[in-house]
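# Coordinate analysis (summary)
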2 protein chains.
Amino acid sequence: MRTSIATVCLSGTLEEKMRACADAGFDGVEIFEPDLLVSPSSPEQIRALAESLGLTLDLYQPFRDFEGVDGPLLDANLERARAKFELMNRLGIGTMLLCSNVGTATIDDDAVAAEHLRLLGGLAAGYGVKVAYEALAWGRYVNDFEHAQRIVDLADHPQIGTCLDSFHILSRGWDPAAIEKIPAEKIFFVQLADAPELSLDVLSWSRHYRVFPGEGAFDLVRFMAHLVRSGYDGPVSLEIFNDVFRQTAEDRTAVDAMRSLIWLEERTASYLGQHDGGTQYPMSLATLPGVAEPTGFNFAEVKAGNPDAVSELLYQLGFTFAGRHRSKPVQLWTSGTARVIINGQQAGGMEPGISALGLDVQDPLAAASRAVQLRASPVPRRSQADEQVLQAVFAPDSTEVFLCEATADGTAAWADEFGPAETGGAQTGGQPAQPLISAIDHINLSQPWQHFDEAVLFYESTLSLTPIASQEVPSPMGLVRSQVMRSADGGVRLALNIAPLIVESGPGGAEYPQHVAFTSTDLIATARSAAERGLRFLPVPANYYEDLAARFRLDPEFLAELQELNLLYDRDGDGAFLHFYTGTVGNVFFEVVERRGGYEGYGAPNAPVRLASQYLASRGEPNRKDG
Amino acid sequence: MRTSIATVCLSGTLEEKMRACADAGFDGVEIFEPDLLVSPSSPEQIRALAESLGLTLDLYQPFRDFEGVDGPLLDANLERARAKFELMNRLGIGTMLLCSNVGTATIDDDAVAAEHLRLLGGLAAGYGVKVAYEALAWGRYVNDFEHAQRIVDLADHPQIGTCLDSFHILSRGWDPAAIEKIPAEKIFFVQLADAPELSLDVLSWSRHYRVFPGEGAFDLVRFMAHLVRSGYDGPVSLEIFNDVFRQTAEDRTAVDAMRSLIWLEERTASYLGQHDGGTQYPMSLATLPGVAEPTGFNFAEVKAGNPDAVSELLYQLGFTFAGRHRSKPVQLWTSGTARVIINGQQAGGMEPGISALGLDVQDPLAAASRAVQLRASPVPRRSQADEQVLQAVFAPDSTEVFLCEATADGTAAWADEFGPAETGGAQTGGQPAQPLISAIDHINLSQPWQHFDEAVLFYESTLSLTPIASQEVPSPMGLVRSQVMRSADGGVRLALNIAPLIVESGPGGAEYPQHVAFTSTDLIATARSAAERGLRFLPVPANYYEDLAARFRLDPEFLAELQELNLLYDRDGDGAFLHFYTGTVGNVFFEVVERRGGYEGYGAPNAPVRLASQYLASRGEPNRKDG
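Just so it is clear, the structure is predicted and the values come from calculations on it, not from any experiment.

Per the secondary structure count, chain A includes 17 helices and 24 strands. Based on the C-alpha atoms only, the size of chain A along its principal axes is roughly 90 × 60 × 50 Å. Per-residue burial over chain A gives 59% buried out of 627 residues. Restricting to contacts in chain A with at least 6 residues of sequence separation, those with at least 24 account for 76%. Surface exposure of chain A reaches about 22,500 Å², of which carbon and sulfur atoms provide 50%. Computed over 48 positive and 83 negative side-chain charges, the inter-centroid distance for chain A is 1 Å.

This is how it looks when you write it as structure tokens:
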């Protein structure tokens, strides 16, 4: 599939945008005229730049409101078109986009519109360029791609064809199956956009909220399948008007864009394989190494200038010190299959924070290859000759994601690299033979707001995790959006949070803390043991327990135990959830959870309590426990 | 009028919110239950805090989904209510809000709903509290305030009354005139919210986009007039769910909120004075000193560690050095009635930037008093014994707004304080007898995004400027929103810009530059003269002029002159607009404009060219002029 992208998707100058698209691997770009108008580069310089970057210039979008107007205005429009065709010749662009008239059309007559397009086609022929006519969703008389196609058919001119835009088709609910009825040679161009479900007027929706395929709610796989079946083999171009993409670094937006297209190709190929058997079509579609869902967490890694505060928390939670790495200042702590690495290879002052996570996968090499083909950046290998070679890529927030070989017994092959515990100096007090904490339940990562869609697409496309409906949680600093990504069996659960921008009153520039949640088979026993070992729990206000009593009919003794131990509680139709949080160390804290029955949530009703308590702690205010 | 505000409007902890509301002058607050639940303060401590702050606790919002349910659920709901009534007794709150059922109602029968409310009223009586029933716009069976009132009438219980919320009434298009039919003693509470026009589902609109009165599109003056006529004299409370307010400093949000209520009181009093003559109502409404629109700009002030770069630009534009202040390192430059003060009382390294503007008003003392009563902060007086006493307040972005006495001849009384020009050392080369630049046309100020609504309300309420429809302009760093505020005759025009958040690729932390635009009687002559004096114009790319030729049929010589001088051009049905920009010095630049015919705009189609050219300049890239 020939991939292309409109320059309006990205921030920066036209030249910066073109470089970013070339670097991300796009075949071509469409030039949005305003980007050229504000550029100090001449059309010839832009053409030369594209050639040097190996990009084709696929489409030019110079003007609107052409057809269905009266005589004098038509003449003026043809004059405008002549100037733009000359410019396109200088740029070396062969196709112009023409959107259906939204502003100046006064004649609602397909024959008249077709006649005007035929005149334009005649003019275009003189310059050797083609015109792709597109039905805008809010076009005055033409807002349906089949209607636009009827006008193209009536115009019956070799220079006049159609442009299909998935936004304009799917936002209006038109059936994309009709794409197959259009002769492939009449489809001059295809633009793709996804968009979230929004009950917003279609113009605002289109201008501000489009997203890359896979980041919204449109069924673009079916759209693409119809397009492939039509016989079309031209560029498939992303035209995404998005306020956030316009202001974030163009190089990573371009990578996000390219990832979305590659993934769409794979899913389209899979769909066609299921539905159309071995039928061959002109358009070739990229394929990727298929991988199964990850089966569990292999480990979590915390980096810290000084590991002591983190190792103390783990000790208090009942983890066992399993040794130091034989050649690096790295500790391994375990409890059941929960493994936490504390990586001390950092500058002394570095605050502890989650730096990496390991996932159990069936075929690490295939999984890593898939991720890299989806434009993930590999983590440079740091292993030495006698160490396990681990596959890893960077997630969009720079967390390192290691792809580890799943073992039947839940052990980790690399754990051999850690020496016996007795050689270390960390706390090693006796731990229970049968640890209460058995595994990592979930990991919670804060995401910068401007890269949230990119993160969801990354985990979905590279690691086959599925996004669950997102939630918004109030905090003293604003609403926090939480998006869980998980594997079908719940073996891997990631919670991605977008924290609000702290503008004025918040902790000065501090990162939002991230955390690892562990599963306990007996939360109350875990909490009691941790309390005995001196764990500093995140305090829970008394008002919370009064409300809990009003909401659920809990046994008073049980309620008193929850309050005594700072435990939080939730219940739904499937089961119950008990959990507690440790205090925060640097940018990391831990949670321990016990899932009872079929409870599948994360205690969302309790999240405001946690956020408020952490807010108080971050400001150094006392958490008064009674009054 | 008794003013109140819901704690959900503000960021921070409950205690921080209450302090901010008291400081802003609110009489009371309504407590949103989640704020209490996450607080370490006991109900008794919150009650004591309110007393010490002089705040009444007007309303508690503990739960939803009460009425219209079957027997077992009703029993559980009454139990919940009992717990909350006990809590309200501890808090000392006399009124509970009850929203119409959205989730659990299964019985669509007013008689049943009324019976349930009567039961609740009986329970409430035992605790001496009242229940205010409110129709949510998306209530399952009850979403219209008149419907809610019919149920209240049917319930016929002294503890059961109604709560009116302007959002739920006006968002659905219900006629607020029916408020007058409700007996005043049955209106237990009133919540006010404004909102922008949005074609969004009403739930999202309500939960995220409410704004303070005067910041949206609702006709709240008429709403208030109906309320006053009903005889109601209880609290009028702001309940604003707004994502931005939730994350900005609570003290300034509370001031913004209080300003909106005071201004609403004034406008309501004025409306009633016009429509109801001398009728007296129970509710008293605050009044403010009335002021006429400002008639023009008195001056603009630029602060700079080193004034030389700014004075050079003004000299090149044809300004006359009119002297130094007799006691401060401050220069005055004039051209016609355009006065620019360069204030050098700054640390040496301070980049030049716009720090103050002066407006001509009829009665400076009254205008300043009005602004201060609207909670604007006065600028501390810096005048000495022999200096003019100038009235000034801070705008939300910290710009100082001076309120100066308008004179018939356009002179400024304070200008006497500046010594003769010959005592200064600045450039004073001969200037034309009749300066081409005659006045300040407009001033463009960048606003932080989170305080934009506050800024518009500030200029509208304190200075009687009117907002014009806003525009969005693309730039290499994202969309820039531009909002013009002006006086009716155009004597004062302020353009407020919200610049996009520069996240990664933009100039590191630099402020967006602001500018002063001057009116010229002959732009081409001004530009030629400035070029002769060595002015560094903001360069305009050649592509722009090619497009200008395609859009407008301009005389080729005229077009060549525009291009030679880096002039921009726009035209509409009323006239034409010529303008140019200087290079940027620190955070300030200048524009010169010539308005031909009745052109009233600001050259918005040219703004992307300016923004892109400034972006290139800020990155130190060459503005290649040809290719």
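Further notes follow.
On to the sheet that holds strand β13 (residues 353-361) of chain A. Residues and elements named next belong to chain A. The mixed open sheet is built from seven strands, whose spatial order is β10-β11-β12-β9-β13-β15-β14. The open sheet has two edge strands, β10 (320-324) and β14 (391-394), and neither has a second partner. Between one strand and the next, the sheet's axes are offset by a mean angle of 25°, whatever the strand orientation. Two strands pair when backbone bridges link them, and β10 and strand β11 (residues 330-335) are joined in this way by four bridges, in the antiparallel orientation. The residue bridging Arg324 from the neighbouring strand is Gln331, located in β11. Relative to the sheet, helix α13 (residues 452-463) contacts β13, β14 and β15 (400-405), its axis offset from that of β15 by approximately 20°.

For the rest of this paragraph, the subject is the sheet that holds strand β14 (residues 391-394) of chain B. Residues and elements named next belong to chain B. Pairing within the open sheet is mixed, and its seven strands lie in the order β10-β11-β12-β9-β13-β15-β14. The sheet terminates laterally at β10 (320-324) and β14, the two strands that pair on one side only. When strand polarity is set aside, the average angle formed by the axes of neighbouring strands in this sheet is 25°. Pairing geometry for strand β11 (residues 330-335) and strand β12 (residues 338-343), over six bridges, is antiparallel. Bridge assignment links Gln331 to a residue of β12, and that residue is Ile342. Strands in contact with helix α13 (residues 452-463) are β13 (353-361), β14 and β15 (400-405); relative to β15, the strand with the most contacts, it is inclined by about 20°.

Moving on to helix α5 (residues 110-127) of chain A. Because each turn of an α-helix spans 3.6 residues, side chains separated by three or four positions end up pointing in the same direction. All names here are of chain A. Across its 18 residues, α5 extends 26 Å between first and last C-alpha, which sits within 8% of the 26 Å expected from 1.5 Å per residue. Within the span of α5, buried status applies to Ala113, Ala114, His116, Leu117, Leu120, Gly121, Leu123, Ala124 and Tyr127. Contacts from the buried residues of α5 go to α4 (71-91), β4 (95-99), β5 (130-134), α6 (145-155) and β6 (160-165). For α5, the N-terminal cap is Asp109; the gap from its side-chain oxygen to the backbone nitrogen of Ala111 is 2.8 Å. Immediately downstream of α5, the backbone of Gly128 shows phi near 70°, a positive value.

On the chain B side, the residues contacting the 66 residues of chain A number 66 residues. Summed over both sides, the interface of chain A with chain B buries roughly 5,100 Å², with 51% coming from carbon and sulfur. Seen at the junction of chain A and chain B, the total is four salt bridges. Two residues, Asp547(B) and Lys84(A), come together in a salt bridge whose shortest N-O distance is 2.7 Å. Across the chain A-chain B interface, the total number found is 14 residue pairs in polar contact (both at pLDDT 80 or more). In terms of residue count, α4(A) provides more of the side of chain A that touches chain B than any other element does, seven residues in total.

For the rest of this paragraph, the subject is the domain arrangement of chain A. By a widespread convention, an interface's size corresponds to the accessible area lost as its parts come together. Residue and element names in this part refer to chain A. Taken domain by domain, chain A consists of domain 1 (2-275) and domain 2 (296-618). If you average the C-alpha positions of domain 1 and of domain 2, the two centres end up 44 Å apart. Taken together, the 18 residues of domain 1 in the interface contact 15 residues of domain 2. The junction of domain 1 with domain 2 conceals about 1,500 Å² of combined surface from both sides, 58% of it contributed by carbon and sulfur atoms. When the area that domain 1 buries against domain 2 is broken down by residue, the three leading residues are Arg252, Arg259 and Trp263, summing to 46%. The interface formed by domain 1 and domain 2 holds two salt bridges in total. Here Glu454 ties to Arg252 by a salt bridge, and the two come within 3.4 Å at their closest N and O atoms. At the surface where domain 1 touches domain 2, the tally comes to seven residue pairs in polar contact (both at pLDDT 80 or more). Ranked by the residues each element gives to the side of domain 1 that touches domain 2, the list is headed by helix α10 (residues 250-275), at nine residues.

We now examine the pattern of salt bridges. As enumerated under the stated definition, the model contains 48 salt bridges over all chains in all. Between Glu239(B) and Arg210(B) there is a salt bridge, with the nearest N and O atoms lying 3.6 Å from each other. Note that Glu239(B) is positioned in the loop between β8 (235-238) and α10 (250-276) and Arg210(B) in the loop between α8 (202-208) and α9 (220-230), a separation of 29 residues in sequence. No difference in accessibility class separates Glu239(B) from Arg210(B), as the two residues are buried. Among the ionic contacts, a cluster of salt bridges with common partners joins Glu33(A), Lys84(A), Asp547(B) and Arg551(B).

All names here are of chain B. For strand β3 (residues 56-61), the buried fraction is high: five of the six residues fall into the buried class. Where strand β2 (residues 28-32) lies against β3, five bridges are found, and the strand directions are parallel. Counterpart to Gly28 in the pairing with β3 is Thr56.

Further remarks concern the relation of the copies chain A and chain B. Each copy of the chain is related to the other by a rotation around an axis and a translation along that axis. Of the transformation superimposing chain A on chain B, the axial component is 0.0 Å and the angular component is 180°, with the fit at an RMSD of 0.0 Å. On this basis, the relationship between the two copies can be described by a two-fold rotation axis. Nearest to the rotation axis, the C-alpha of Leu200(A) is located 2.4 Å from it, this being the minimum over chain A. The fraction of interface residues of chain A whose copies in chain B are also interface residues reaches 100%, indicating that both copies meet through the same surface.

Turning our attention to the packing of helix α15 (residues 542-551) of chain B against helix α16 (residues 556-565) of chain B. Residue and element names in this part refer to chain B. Look at α15 against α16: their axes get within 10 Å of each other, and the N-to-C directions meet at 160°. Here α16 runs roughly antiparallel to α15, going by the angle between their axes. When the axes of α15 and α16 are compared, the crossing they make is right-handed. Residues Ala542, Tyr545, Leu548 and Ala549 of α15 form the contact with α16, whose own contacting residues are Leu559, Leu562 and Gln563.

When two helices pack together, their arrangement is given by the angle between the helix axes and by the axis-to-axis distance. Residues and elements named next belong to chain A. Two elements in contact, α4 and α5, have axes separated by 10 Å at closest approach and are oriented at 30°. Between α4 and α5, the angle is such that the two are roughly parallel. Where α4 crosses over α5, the two elements pack in a sense that is right-handed. Mapping the contact onto sequence places Leu74, Leu78, Ala81, Arg82, Phe85, Glu86 and Asn89 in α4 and His116, Leu119, Leu120, Leu123, Ala124 and Tyr127 in α5. Grouping the constituent residues of the contact of α4 with α5 by class yields nine nonpolar, two polar and two charged.

This paragraph deals with the UniProt feature "binding site: a divalent metal cation" (unreviewed entry) in chain A. Residues and elements named next belong to chain A. The feature "binding site: a divalent metal cation" (unreviewed entry), as annotated in UniProt, sits at Glu134, Asp165, Gln191 and Glu239 in this numbering. Taken together, the annotated residues stretch across 106 residues yet fold into one region, lying no more than 13.0 Å apart by C-alpha. Relative to the elements of secondary structure, Asp165 occurs in strand β6. Judged by relative accessible area, which is 2%, Asp165 ranks as buried. In contact with Asp165, not counting residues within four places along its chain, are Glu134, Gln191, Arg210, Phe223 and Glu239. Taking the relative accessible area as the measure of exposure, Glu239 reaches 3% and is therefore buried. Other than its neighbours up to four places away in sequence, Glu239 contacts Ala6, Val8, Cys9, Glu30, Phe32, Gln61, Asp165, Gln191, Leu192, Ala193 and Arg210. Reaching out from Glu239, the side chain makes a polar contact with the side chain of Gln61 at a distance of 2.4 Å.

Residue placement: Ala549(A) occurs in helix α15 (residues 542-551). Measuring from C-alpha to C-alpha, the distance between Ala549(A) and Leu559(A) comes to 7.6 Å, with 10 residues separating the pair along the chain.

Two numbers describe a pair of aromatic rings. These are the distance of the centres and the angle of the planes. Counting across every chain of the model gives 32 aromatic pairs over all chains. On the basis of an interplanar angle of 50° and a centroid distance of 5.9 Å, the ring pair of Phe167(A) and Phe218(A) is categorised as tilted. Of this pair, Phe167(A) sits in helix α7 (residues 166-170) while Phe218(A) sits in the loop between α8 (202-208) and α9 (220-230), and the two are 51 residues apart along the sequence. Chaining the aromatic ring pairs together yields one cluster made of Phe299(A), Phe402(A), Trp414(A) and Phe418(A). It is Lys130(B) that lies over the ring of Phe188(B); its NZ or CZ is 4.2 Å from the centre.

Scoring rules and cut-offs
- Residues numbered from 1 in each chain as written.
- Chains lettered and ligands numbered in written order.
- Predicted model: local features only at pLDDT ≥ 70, side-chain atom pairs only at ≥ 80, totals over all residues.
- Heavy atoms only, no water.
- Helix = DSSP H or I, 4+ residues; strand = E, 2+ residues; numbered from the N terminus.
- Buried < 20%, exposed > 50% of the residue type's maximum accessible area, 1.4 Å probe, protein only.
- Contact = heavy atoms within 4.5 Å.
- Areas by Shrake-Rupley, 256 points an atom, 1.4 Å probe, with all protein chains shown as cover.
- Lys, Arg positive; Asp, Glu negative; His and termini not counted.
- Charge placed at Lys NZ, Arg CZ, Asp CG, Glu CD.
- Pairing = 2+ DSSP bridges.
- Axes fitted to C-alpha atoms, helices over the stretch in contact; angles between N-to-C directions.
- Expected span 1.5 Å × (residues − 1).
- Polar contact = N/O pair within 3.5 Å; in protein donor to acceptor, adjacent residues only side chain to side chain.
- Buried area = accessible area lost by both parts, 1.4 Å probe.
- Salt bridge = Lys/Arg side-chain N within 4 Å of Asp/Glu carboxyl O.
- Domains from an automatic or database assignment.
- Least-squares fit on C-alpha atoms with pLDDT ≥ 70 in both.
- Parallel < 35°, antiparallel > 145°, perpendicular 65-115°, else oblique.
- Left-handed = near helix turned anticlockwise from the far one by under 90°.
- Nonpolar A, V, L, I, M, F, W, Y, C, P; charged D, E, K, R; others polar.
- UniProt positions renumbered as here; feature names shortened; annotations may be inferred.
- Phe/Tyr/Trp six-rings, centres within 6.5 Å; stacked < 30°, edge-to-face > 60°.
- Lys NZ or Arg CZ within 6 Å of the ring centre and 35° of its normal.

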